[in-house]
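Topology and contacts: notes
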Amino acid sequence: MIWWLFSFAACCVANYLFLKHKHTYWTRRGIRQFNPDFFFGNGKEIFQGKVKLCNGFRKQYYDLKKENKQYGGVYLFYKPTFLPVHPEFIKQILTKDFEHFTSHGLFNHENDYINQHIFNVDGEKWKTLRSKLSPTFTSGKMKGVYAILYSLAERLEKKVGVYAKTGQPLEIKEHTACFGTDVIATCFFGLESDCLNVPESEFRKYGQLIFAPRTLRFIMETIFNWKLLGVLGHTFASKKITKFFIPLIKETVAYRKKNNVSRRDYMDLLIHLQNENQLDEKELIANTMVMYGAGHETSSTATTFLMYELAKNQDIQDKVREEILRICKRNPDGEITYDDLADMKYSEMCIYETLRRYSPAAEVPRQCTKTYTIPGTNSVIEKNTFVLIPVWLIHMDPEYYPNPEKFNPENFLPENKHSRQDFVFMPFGGGPRFCIGSKIALMHIKVNLIKQFRKYRFALNPKTPENITFESLSLTLRAKENIYLDVTPVL
Ligand code: HEM
């Protein structure tokens, strides 16, 4: 018995020492690290929900800056995570030395084929896929998408009109998410979707699940070996989500092929690539789903925050409306064309300021794919090391944006934009992996502004807090509270 107890105690001590040793990874490589907590590493407060993900490494960020360091090392549980904080160094990682960091570093295993999409593959595979999918996002294609988007947004104007008439406050988080779902369903899947008026739609229900906090999955992917997880059948997205989307995509493709339907949209491009044997069915499904995931939530949360700030800042809202009406007036039909969007300069400043203040992707991830010696040092970033670029912390750093809490579109006046250094504004990431959908996103947000603000005024309803807080552990930056706005017609 005594031997059993002794062996058990020895095992515990060995395990403890081994784990302690793992938490010295960065120090052993001459890189500044921060005292990790046992088991949790530096993410304890994040996982306990005490600190929001976007703010999780705030202390480390400012400590590194104070110490004049361009980077440091933290731990997510036992996973060493490289934290670059200096914009010049970040630029180098994302652009010049991109070949060392071609991956996003999220869970990836070949058994999980739904997850083998453009966001997750790396190296040559990613390069080829990106060039195959890029034709959907050219300016020429955007014009076609704009026509669909603009007519879809008639519903927005109508719906807002109903609220203006009844005096009921409008909850904009769900409202913008429903419209965002309709946009992706229509422009990417080519499906007729009307979540805005039928909120219990399945499309919305499963879309919501994609962005629901996935804490347990995230912890498993951080702690355990991916090969093991993959073999055990672990998948990035839950089975509930894939069970809904896979048959839907298959049916859409089959219908289009059978009936020779062409809408000159993203789905057409994928079908074309499949017909030319450049993409198999699994890749087609994966790359359709990723657009749904990457596209609808980010644009809708940005729209939500923008509407909230415009409701709070009536003077800014007036200027946006004046700009829209000025452009509408110069066209005989009173509508705004694709080419007119470029003239929405002030609205664009407001959109950029929203993407700064409430960057939906608060962190941009990378994984080292080829061992990297940090220029001018002997420190080495090993292959497979996870890298976290603290986008939101940079956007909220007073060194780059004085009074960063304040919503100030003037931050994006041309002269202010040009006087700022590179890579202190990265809502769409940077370098060759820069968000492929950024043009659609900007267009989506502008159409939201046009159709909702030209006839209606939005103001904060008393139920809406003066300062909103963010959801803990959400993949994107999302407001925790519901945001109610009062709507009245513009006289
Ligand atoms: C405001 C809206 C959006 C924001 C803030 C946003 C942000 C981002 C960010 C930060 C990345 C990572 C970039 C990097 O690693 O350097 C990304 C990648 C990506 N985004 Fe977006 N995005 C938005 C809208 C969209 C839309 C509308 C779509 C598609 C319809 C889309 C599709 C993608 C895809 C496919 C990637 C992966 C690109 C690659 O790895 O090559 N995004 N986005």
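Remember, it's a predicted structure, so these values are computed and weren't measured experimentally. (Residues numbered from 1 in each chain as written. Predicted model: local features only at pLDDT ≥ 70, side-chain atom pairs only at ≥ 80, totals over all residues. Heavy atoms only, no water.)

**Here we look at the layout of surface pockets**
The test is simple: The distinction between a cavity and a pocket rests on a 1 Å grid over the protein atoms alone: a 1.4 Å probe fits inside a cavity but cannot get out, while a pocket stays open yet meets protein on both sides within 12 Å along at least five of seven lines, and a residue with an atom within 4 Å of a point counts as lining. Grid points are joined across faces, edges and corners, and a volume is the space filled by probe spheres set on the points. Helical segments are the DSSP runs of H or I of at least four residues, strand segments are the runs of E of at least two, and each set is numbered from the N terminus. In this classification, the charged set is Asp, Glu, Lys and Arg, the nonpolar set is Ala, Val, Leu, Ile, Met, Phe, Trp, Tyr, Cys and Pro, and all remaining amino acids, among them Gly, are polar.
Within this model, the second largest pocket holds a volume of roughly 980 Å³. Taken together, 34 residues line the second largest pocket, and the ones lying closest to its centre are Lys79, Trp226, Gln367, Asn384 and Thr385. Among the secondary structure elements, those contributing two or more residues to the lining of the second largest pocket are α2 (25–28), β2 (79–84), α11 (215–223) and α12 (226–231). Among the elements that line the lining of the second largest pocket, the one with the most residues is α11, at three residues. In terms of residue class, the lining of the second largest pocket is built from 12 nonpolar, 12 polar and 10 charged.

**What about the site of the ligand?**
The condition is simple: Residues are labelled near a given molecule or strand when at least one of their non-hydrogen atoms is within 4 Å of it. Pairs of N or O atoms are called polar contacts if they sit within 3.5 Å, as long as, within protein, a hydrogen donor faces a hydrogen acceptor (for residues adjacent in sequence, only side-chain-to-side-chain pairs).
The ligand sits among 25 residues. The nearest are His104, Trp126, Arg130, Arg366 and Cys435. His104 has a polar side-chain atom sitting 2.5 Å from an oxygen atom of the ligand. Arg366 places a side-chain nitrogen or oxygen 2.7 Å from an oxygen atom of the ligand. Put simply, the parts of the chain that give the shell around the ligand at least two residues each are α6 (123–133), α15 (281–312) and β4 (364–367). Among the elements that make up the shell around the ligand, the one with the highest residue count is α15 (five residues). Here the residues of the shell around the ligand are counted per class, giving 15 nonpolar, seven polar and three charged.

**Details of the sheet that holds strand β9 (residues 484–489)**
Put simply, the rule is: Strands qualify as paired when DSSP identifies two bridges or more between them.
Spatial ordering of the open sheet is given by β3-β9-β8, a layout of three strands whose pairing is antiparallel. Each having just a single partner strand, β3 (170–171) and β8 (456–460) make up the two edges of the open sheet. Relative to β9, β3 runs antiparallel, the two sharing two bridges. The partner of Leu170 across the bridge, within β9, is Leu485.

**Some points on the coordination of the iron atom of the ligand**
Under the convention used in this document: The donor definition counts N, O and S atoms within 2.8 Å of each metal and applies 3.2 Å to Na, K and Ca; water is not among these atoms, so some sites may look incomplete.
With respect to protein ligation, the iron atom of the ligand binds only Cys435 (SG), at 2.3 Å. Its location among the elements puts Cys435 in the loop between α19 (414–419) and α20 (438–453).

**What to know about the side chain of Lys451**
Defined as follows: Exposed residues in this analysis have more than 50% of their type's maximum accessible area, buried residues have under 20%, and partly exposed residues fall in between, with area computed by a 1.4 Å probe over protein chains only. Residue contacts follow a heavy-atom distance rule, with two residues in contact if any of their heavy atoms lie within 4.5 Å.
Tracing the sequence through the fold places Lys451 in helix α20. Residue Lys451 is classed as buried on the basis of its relative accessible area, which comes to 0%. Here the side chain of Lys451 touches Glu154 through a polar contact of 2.7 Å, side chain to side chain. In contact with Lys451, other than residues within four places in its own chain, are Tyr150, Ala153, Glu154, Leu156, Glu157 and Glu335.

Remember, this is a structural readout, not a statement about activity or role.
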